[in-house]
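Coordinate inspection notes
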Amino acid sequence: MIGDLSSRRINHQLFPKYGSFKKGYRSCTRQSAKRQKLNDEGGQFMDISSAKNRAVIQKKQAIKKSCLQPAPAVLVSCRGLDGEENALAVGYCCNCSYDPPLVMVGVVPSRYSHKMIKESGCFVVNLVDRSYKETFDYLGSHSKRDGDKLTAMHVRLEDGLKVNAPILTDCPVNIECSVVDSVVAGSHEMFVGKVEYVHANEKLIDGDGKIDFSQINFL
Ligand SMILES: Cc1cc2nc3c(=O)[nH]c(=O)nc-3n(C[C@H](O)[C@H](O)[C@H](O)COP(=O)(O)O)c2cc1C
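1. Section: the site of the ligand
Y92, Y112, S113, G140 and S143 are the nearest of the 19 residues found near the ligand. For the shell around the ligand, the elements supplying multiple residues, two or more each, are strand 2 (85-90), strand 4 (101-107) and helix 2 (112-120). No other element matches the four residues that strand 2 contributes to the shell around the ligand. Looking at the shell around the ligand residue by residue, the classes come out as eight nonpolar, nine polar and two charged.

2. Thoughts on the nonpolar core
The biggest cluster of nonpolar side chains holds 33 residues, and the ones touching the most others in it are L75, V76, V105, F123 and V125. Ranked by residues supplied to this core, first place goes to strand 5 (residues 122-127) with five residues. Non-local contacts of V125, meaning those with residues more than four positions away in its chain, are made with V74, V76, C93, V103, V105, I175 and C177.

3. Some details on the sheet that holds strand 3 (residues 93-98)
The strand order across the open sheet built from seven strands is 2-1-5-8-9-4-3, with neighbouring strands paired in antiparallel fashion. In this open sheet, the two strands that pair with only one neighbour each are strand 2 and strand 3. When the angles between neighbouring strand axes are averaged without regard to direction, this sheet yields 35°. Of the pairings in the sheet, the one linking strand 3 to strand 4 comprises five bridges and is antiparallel in character.

4. Focus: the environment of I117
For I117, the position within the fold is in helix 2. Taking the C-beta count within 10 Å as the criterion, I117 has 27 such neighbours and is therefore assigned buried. Sequence-wise, I117 and R79 are 38 residues apart; in three dimensions their C-alpha atoms are separated by 7.3 Å.

5. Some remarks on the pairing of strand 9 (residues 188-200)
Put simply, side chains in a regular strand alternate between the two faces of the sheet. Direction of pairing for strand 4 relative to strand 9: antiparallel, over a ladder of six bridges. When the sheet's bridge partners are listed, M104 is paired in strand 9 with V192. Where strand 8 (residues 173-185) meets strand 9, twelve bridges bridge the pair, whose relative direction is antiparallel. Its bridge partner being in strand 9, C177 is matched across the sheet by V195. The turn joining strand 8 and strand 9, which pair antiparallel and follow one another in sequence, is formed by two residues; a positive phi near 70° is taken by G186.

6. Concerning helix 2
Taken as a whole, helix 2 has its buried residues at S113, M116 and I117. End-on, the buried residues of helix 2 take up no more than an arc of 95°, which puts them together on one face. On its buried face, helix 2 sits against strand 1 (74-79), strand 2, strand 4, strand 5, strand 8 and strand 9. G121 lies just past helix 2 and shows a positive phi near 70°.

Conventions we followed
Residues numbered from 1 in each chain as written. Predicted model: local features only at pLDDT ≥ 70, side-chain atom pairs only at ≥ 80, totals over all residues. Near = placed C-beta within 6 Å. Helix = DSSP H or I, 4+ residues; strand = E, 2+ residues; numbered from the N terminus. Nonpolar A, V, L, I, M, F, W, Y, C, P; charged D, E, K, R; others polar. Core = buried A, V, L, I, M, F, W, Y, C linked by C-beta atoms within 7 Å. Buried ≥ 20, exposed ≤ 12 C-beta atoms within 10 Å, placed from the backbone. Contact = placed C-beta atoms within 7 Å. Pairing = 2+ DSSP bridges. Axes fitted to C-alpha atoms, helices over the stretch in contact; angles between N-to-C directions. Arc of directions from axis to C-beta.

Here is the structure:
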């Protein structure tokens, strides 16, 4: 916890085995290490600076991978230059600008879809309803390189209006995007997509074109 280090003191009644607490970063680091050790040993962790006012909550080091949650569950559909179509489940996805409207999807380069998005320069983000879970799971666990999964799951498609990629008819919202940038960020290539057109089921849209997302039973 960052705070006024100079005002912190070890309470020797609570931590009798610890030496005096030096001011500054090193002391803070050392204290953190000792707190961690205490946590690892299953001991009590107490935030001394605010112990009087706060409940004691034990924290432990957790794994870092995909630690930002909740993550969305969308299907990204695409079409290669040879006309073949595909879709994959994506959790690494977010809005990244509202002016202009941009979204970002992260695709691992080994995915079959990766090459298709690279060469076509576009994709569609399809928001997924709970009723589509079986299809979502299939598209997220099978690769196009092993067979045509869209046909296998009887996925209904329509052409995008603005980009050369299919939209998934049975998803309530479909966001057509053209790639304007990409960043290789470790395991994923993050494609930044300019939002070219948003389709939404008629019953979800109000008179101003706003989508009532509360009506969607998201996965
Ligand atoms: C819940 C879930 C989230 C996923 N998120 C991503 C993701 O963000 N990026 C990615 O490249 N793959 C992700 N995957 C894995 C791909 O959907 C999966 O490897 C798929 O089979 C790739 O298909 P493809 O090879 O036909 O492109 C996710 C899978 C699941 C089930």
